[in-house]
Amino acid sequence: MPPRACGVAACRPVADDSTRRFQAGQTGLVIRVPQAEPAVRAWRERFDPSARAGVPAHVTVLFPFLDESRMDARVLSALADVLARHRAFDLRFAHCGRFPGVLYLVPWPQTQVRQLTEAIAGRWPETPPYGGRFTEIVPHLTVADGHDDEVLDQIEADLVTKLPFTFRAASVDLLVHDGATWQERMSFPLIA
């Protein structure tokens with residue numbers, strides 16, 4: 001857990017190296033959720049290392065994916081083909097969920113996100129979701145990562161006043177870490 005200075009109303013992370021958890025050449029596939037930004041941006045910038053590394057509000061489809069060195073035209077074309085078999089869909093965000101030390105928004109329904117994850121991981125079995133660390137796929141939009149319940153309770157109390165909202169997932173973005181930040185490499189449309 002990153003070090004922090006805390007009194008519930010003024011809890012803030014202290015400078016740390018948590019963004020170093022990402023490596024140059026890592027890639028991930030995400031569904032950007034710009035409609036979430038007004039509710040989550042300030043919290044994510046303070047409490048989510050991926051936001052500080054340039055990742056927008058999103059629902060992860062697959063992380064980690066193939067190393068950037070493997071992203072040739074053939075792989076990108078195959079990825080586009082896999083994703084083009086899936087229809088765009090709506091996600092509703094109406095409540096929060098938690099993992100240990102993590103607060104997230106729950107997208108609903110989750111079936112289509114899981115299907116995208118399974119289709120890509122099925123095509124590239126060397127890229128299991130979350131590196132194979134977890135057996136269950138739990139779609140989520142992380143708001144805070146690496147913090148205790150007191151901090152997460154404060155953030156959740158604010159977020160529930162800004163829910164619900166609905167978002168149309170119409171594409172999946174390939175993000176690449178350049179050693180300092182995450183950059184969009186390509187966006188793949190789903191069937192309209």
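Residues numbered from 1 in each chain as written. Predicted model: local features only at pLDDT ≥ 70, side-chain atom pairs only at ≥ 80, totals over all residues. Heavy atoms only, no water.

**Here's the deal with the overall build of the protein chain**
Logical step 1: Across its full length, the protein chain carries five helices and ten strands.
Logical step 2: With 192 residues in all, the protein chain has 48% of them scored as buried.
Logical step 3: Here the contacts in the protein chain between residues at least 6 apart in sequence split such that 76% fall between residues at least 24 apart.
Logical step 4: For the protein chain, the accessible surface area stands at approximately 9300 Å², while carbon and sulfur atoms represent 52% of it. (Helix = DSSP H or I, 4+ residues; strand = E, 2+ residues; numbered from the N terminus. Buried < 20%, exposed > 50% of the residue type's maximum accessible area, 1.4 Å probe, protein only. Contact = heavy atoms within 4.5 Å. Areas by Shrake-Rupley, 256 points an atom, 1.4 Å probe, with all protein chains shown as cover.)

**Digging into the pairing of strand E4 (residues 58–62)**
Logical step 1: The buried count for E4 comes to five of five residues, which makes it a mostly enclosed element.
Logical step 2: Pairing of strand E3 (residues 27–32) with E4 involves four bridges; the strand directions are antiparallel. Residue Leu29 lies in a different strand from E4, and its bridge partner there is Leu62. (Pairing = 2+ DSSP bridges.)

**Some thoughts on the side chain of Thr117**
Logical step 1: Examined against the element boundaries, Thr117 turns out to sit in helix H4 (residues 111–123).
Logical step 2: Other than its neighbours up to four places away in sequence, Thr117 contacts Val61, Leu62, Pro129 and Ile137.

**Focus: the nonpolar core**
Logical step 1: In terms of nonpolar packing, the biggest core is built from 48 residues, with Phe65, Leu105, Ile120, Leu141 and Leu159 touching the most fellow members.
Logical step 2: In terms of residues, this core owes the most to one element, helix H3 (residues 73–83), which gives six residues.
Logical step 3: Setting aside its immediate chain neighbours within four residues, Leu105 contacts Val40, Phe93, His95, Cys96, His140, Leu141, Val143, Leu159, Leu163 and Phe165.
Logical step 4: Grouped together as the second largest cluster of nonpolar side chains are six residues, Phe22, Val30, Leu175 and Trp182 included. (Core = buried A, V, L, I, M, F, W, Y, C linked by side-chain atoms within 4.5 Å.)

**Observations concerning the sheet that holds strand E5 (residues 89–99)**
Logical step 1: Reading across the sheet, the four strands line up as E7-E6-E5-E8 and stay open at both edges, with antiparallel pairing between neighbours. With one partner strand each, in any of the chains shown, strand E7 (141–145) and strand E8 (165–169) form the two edges of the open sheet. Mean inter-strand twist for the sheet, computed between neighbouring axes without regard to direction, equals 30°.
Logical step 2: In terms of strand pairing, E5 meets E8 through five bridges, oriented antiparallel. Counterpart to Phe89 in the pairing with E8 is Ala169.
Logical step 3: Relative to the sheet, helix H1 (residues 37–47) contacts strand E6 (102–108) and E7, its axis offset from that of E7 by approximately 45°. (Axes fitted to C-alpha atoms, helices over the stretch in contact; angles between N-to-C directions.)

**Digging into the confidence of the model for the protein chain**
Logical step 1: The share of residues in the protein chain with pLDDT of 70 or more is 90%, and the mean pLDDT across the chain is 91.
Logical step 2: Confidence over residues 1–19 falls short of pLDDT 50; this stretch has 43 contacts with residues more than four positions distant or in other chains. (pLDDT = per-residue confidence, 0-100.)

**Comments concerning the side chain of Thr142**
Logical step 1: Within the secondary structure, Thr142 sits in strand E7.
Logical step 2: A polar contact is formed between the side chain of Thr142 and the side chain of His140, at a distance of 3.5 Å. (Polar contact = N/O pair within 3.5 Å; in protein donor to acceptor, adjacent residues only side chain to side chain.)

**A closer look at the sheet that holds E4**
Logical step 1: Reading across from one edge, E4-E3-E9-E10 is the order of the four strands in this open sheet, with antiparallel pairing throughout. Edge positions in the open sheet fall to E4 and strand E10 (182–189), since each of these has one partner strand only. Between one strand axis and the next, the sheet turns by 35° as a mean value, whatever way the strands run.
Logical step 2: Pairing between strand E9 (residues 171–177) and E10: seven bridges, direction antiparallel. Counterpart to Asp173 in the pairing with E10 is Ser187.
Logical step 3: Relative to E10, H3 is tilted by about 50°, and along the sheet it contacts E3, E9 and E10.

**Overview of H4**
Logical step 1: Its 13 residues place the ends of H4 18 Å apart at the C-alpha level, agreeing with the 18 Å of an ideal helix rising 1.5 Å per residue.
Logical step 2: Looking at H4, one finds that the buried residues are Val113, Leu116, Thr117, Ile120 and Ala121. Looking down the long axis of H4, one finds its buried residues gathered within 120° of arc, a one-sided arrangement.
Logical step 3: Buried residues along H4 sit against E3, E4, H3, E5 and E9. (Expected span 1.5 Å × (residues − 1). Arc of directions from axis to C-beta.)

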